[in-house]
Every structure is written in structure tokens, then in C-alpha cells.
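A closer look at the structure
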Amino acid sequence: MAVNINTVYQTVLYVLNKEQRGYVTPAEFNSLAVQVQNEIFESYFPDGNQINRINQNNSQNDTEFFNMFEDISQKLTPFEQEISLTLDPGGFFYQPQVSGTGSINRTIRKFGSLISTYTGQPQYDSITQLVSKSDYNKITRSKLTSPTSSNPIYYIQKGTSTSPYLFINPEPQSVVVNCIVYPLNPSWGFTVGGLNQYVYNSSTSIDFELDLSEQTNIIMKILKYCGVIVNDPNVINVASQEIQKTEINEKS
């Protein structure tokens, strides 16, 4: 379940206004919302690696509802997608998904398993190995190591911001890749009321795509940045202390 952006914004404004510590405009809030969501999202990867090392030492709690590694995995599940790649003269690339009447560009954060399909006789649905470009050149130039339909390889080359190019050898008829994509940028949409006030508009807003359990973390991190905007070190200190407590509790 996503985190409602209006709930977060109203909570932030309430905390700031309670003691007349300043005001954060929708534009400022939206910029902070994007920054904070990306920070939390990116933290899942090093945190997952750290907890996985604990698992390898058999020192991690593995009960059903108290497994930190499983918790992080579940938070990333909404961003895990299986997508088909499109063949282009420059190589295979990711075609943005279409939702309704508009395209939603989802930037790929991390590639997982890639399956190349060769529709010959017999048909091969082959797990494709990722290699560096230099290794790709060496492997494909040697008759002894040349890739086959049952053992294909690929390397990634930077394309557009949302569509990297993948060069696969031998060239398959179709490609499906499992990957993690970035969340959409949150945005508090609004209209202007009769008193020139900002009025929340849910139809033009984009909620945080993070798990609902991150709501408090989102609010505290935004408040920390708001302390910089309103030039109030007390807001920064209180928010930073609460964030630190949360992180210690989650990782201890």
C-alpha cells in the first residue's frame, strides 16, 4: 500500500506551523519528496546486502514476521518487473510501458535474470550471462568460446536515461528481463482557491510508491530538509535524532 502524499504534506505543515517555524510551498515540498523517496529506495540495496551477510552467519531472526531481509525484499517487490525488450538497430532496449493514454517511463535500477529465446529447432529459452564489453569482444572473437543459443552472453551500453541498450550474442528472436525499476516521482498536485490558497487535487497528484511502513520515515526526513529551508536548526536536530533512532532499531 502506497503512502498518501497529502497525508505527508499536511503532517509536515502541521509540525512546522505548530510553533510558527515557517512554511514550505508545494514546489519545495515536491522537490524534497522526490529526494527523500529516492534516498529511502536506494537504502534498500546496501541494507539488504548487510542483512544478507548476517544471514550467512546464522545470526538473523528467521521467524515469520520478524525477518529483516524478508521485510526489505517485500518493500522492493512492487518495483520488480518482468519486461520485454525491443529490437532496434542499436541493440535491444527497454520500451517504456503504456498506462491508459500516456506512457510511464520507468527507469531501470538493476537488472536481474535475462532470458533470450531462440525459435529454432529445438527452441532455446536461455539464461543469458552478463559480461563486460571487453570480455564480450574477447569471447565473441574466439571460436573456442563463441557464445551459442544455449549459452548466450550480453553487455550493457548506456542509451537514454530510461532505456539502456543490451547487445546479445547470438541475437535472439525475443528477450525478457527481470529487473528492479525506480519509483515514480511523488507530486502534491493542487488548484488555487478563491483566497489564493493551495487546494489539494488528488487527480493530478502522485503518491509515494514506498511501503506504508515508511510513512514516518518519509515525514521525518522531509522535516530534516525543511529545517534547512526555514533556517531552523531545532527542526533539523529533532528530525535527525528520530531518523537515527529508527535506523538503529531497524538494524540492531
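Summary of the structure given here. Think of each chain on its own: its residues are numbered from 1, step by step along the sequence as written. Local features in this predicted model are restricted to residues whose pLDDT is 70 or higher, and side-chain atom pairs enter the listing and the counts only when it is 80 or higher, whereas totals over whole chains, interfaces and linings include all residues. Each side-chain value is worked out from all heavy atoms of the structure, with water and hydrogens disregarded.

1. Overview of helix H1 (residues 5-18)
The end-to-end C-alpha separation of H1 is 20 Å, in line with the 20 Å expected for 14 residues at 1.5 Å each. By the burial criterion, the buried members of H1 are Ile5, Asn6, Val8, Tyr9, Val12, Leu13 and Leu16. Seen end-on, H1 carries its buried residues on one side only, within an arc spanning 160 degrees. For H1, exposure combined with an orientation more than 90 degrees from the buried face picks out Tyr14 and Lys18. Numbering of helices and strands starts at the N terminus; helices are DSSP runs of H or I of at least 4 residues and strands are runs of E of at least 2. Each helix should span, by expectation, one fewer than its residue count multiplied by 1.5 Å. In this scheme, a residue with accessible area under 20% of its type's maximum is buried, one over 50% is exposed, and one in between is partly exposed, where area comes from a 1.4 Å probe on protein chains only. Summarising the geometry, the arc corresponds to the directions from the helix axis toward the C-beta atoms.

2. Considerations on the packing of aromatic side chains
The rule is short: rings of Phe, Tyr and Trp, with Trp giving its six-membered ring, pair when the centres are within 6.5 Å, and they are stacked under 30 degrees, edge-to-face over 60, tilted in between. Evaluated as defined, the whole model comprises eleven aromatic pairs. In this arrangement the basic side chain of Arg109 is found over the ring face of Phe45, its NZ or CZ atom lying 4.1 Å from the centre. Above the plane of the ring of Tyr225 lies Lys224, whose end atom (NZ or CZ) is 5.4 Å from the centre. Here, a charge over a ring is recorded when the distance from Lys NZ or Arg CZ to the ring centre is within 6 Å and its angle to the ring normal is within 35 degrees.

3. Focus: the side chain of Glu214
Note on placement: Glu214 falls in the loop between strand E12 (198-200) and helix H5 (215-229). For Glu214, a relative accessible area of 3% puts it in the buried group. Here a polar contact is taken to be a pair of N or O atoms separated by no more than 3.5 Å, where protein atoms must pair a possible hydrogen donor with a possible acceptor and residues adjacent in sequence count only if both atoms sit in side chains. Here the side chain of Glu214 touches Tyr44 through a polar contact of 2.7 Å, side chain to side chain. Residues are treated as being in contact if the distance between any of their heavy atoms lies within 4.5 Å. With residues near it in sequence (within four places) discarded, Glu214 still touches Ile40, Tyr44 and Lys75.

4. Focus on a nonpolar patch on the surface
In this scheme, patches are assembled from residues that exceed 30% relative accessible area and form no salt bridge. Like charges are connected within 9 Å, while nonpolar side chains (Val, Leu, Ile, Met, Phe, Trp, Tyr) are connected within 5 Å. Calculation of accessible area relied on Shrake-Rupley with a 1.4 Å probe; when residues are assessed, cover is drawn exclusively from the protein chains displayed. Here a salt bridge means any side-chain nitrogen of Lys or Arg lying within 4 Å of a carboxyl oxygen belonging to Asp or Glu. On the surface, a nonpolar cluster with roughly 380 Å² of combined accessible area is contributed by Tyr23, Phe190, Val192 and Tyr198. Following the sequence through the fold, Tyr198 ends up in strand E12. Taking relative accessible area as the criterion, Tyr198 reaches 38% and is therefore assigned partly exposed.

5. Focus: the nonpolar core
By size, the foremost hydrophobic cluster in this structure holds 42 residues, and its most contacted members are Val8, Val12, Phe29, Ile218 and Ile222. Contributing elements (two or more residues each) for this core: H1, helix H2 (26-56), helix H3 (68-76), strand E1 (80-88), strand E5 (108-118), strand E9 (165-169), strand E10 (174-181) and H5. For this core, the leading source of residues is H2, giving eight residues. Excluding residues within four positions of it along the chain, Val12 makes contact with Phe29, Ile219, Ile222, Leu223 and Cys226. What is meant by a nonpolar core is a set of buried Ala, Val, Leu, Ile, Met, Phe, Trp, Tyr and Cys residues, joined one to another through side-chain atoms within 4.5 Å.

6. Some points on the side chain of Thr128
Among the secondary structure elements, Thr128 is positioned in the loop between strand E6 (124-127) and strand E7 (129-130). The exposure class of Thr128 is buried, given its relative accessible area of 7%. Within the structure, Thr128 has its side chain in polar contact with the backbone oxygen of Ser126 (distance 3.2 Å). Apart from residues lying up to four places away in sequence, Thr128 is in contact with Leu114, Ile115, Ser116, Pro152, Ile153, Tyr154 and Ile168.

7. Observations regarding the pairing of strand E8 (residues 153-157)
Paired strands, in this sense, are two strands between which DSSP finds at least two bridges. Relative to E8, E7 is paired through two bridges, and the arrangement is parallel. Of the residues in E8, the one forming a bridge with Gln129 is Ile153. By definition, the crossover connecting two strands over a helix is right-handed if that path, from the first strand to the second, turns clockwise as seen with the strands pointing away from the viewer. Assessed by its sense of winding, the connection that carries the chain from E7 through helix H4 (residues 133-141) to E8 is right-handed. Examined bridge by bridge, E8 and E9 share five bridges and lie antiparallel to one another. Along E9, the bridge assignment pairs Gln157 with Tyr165.

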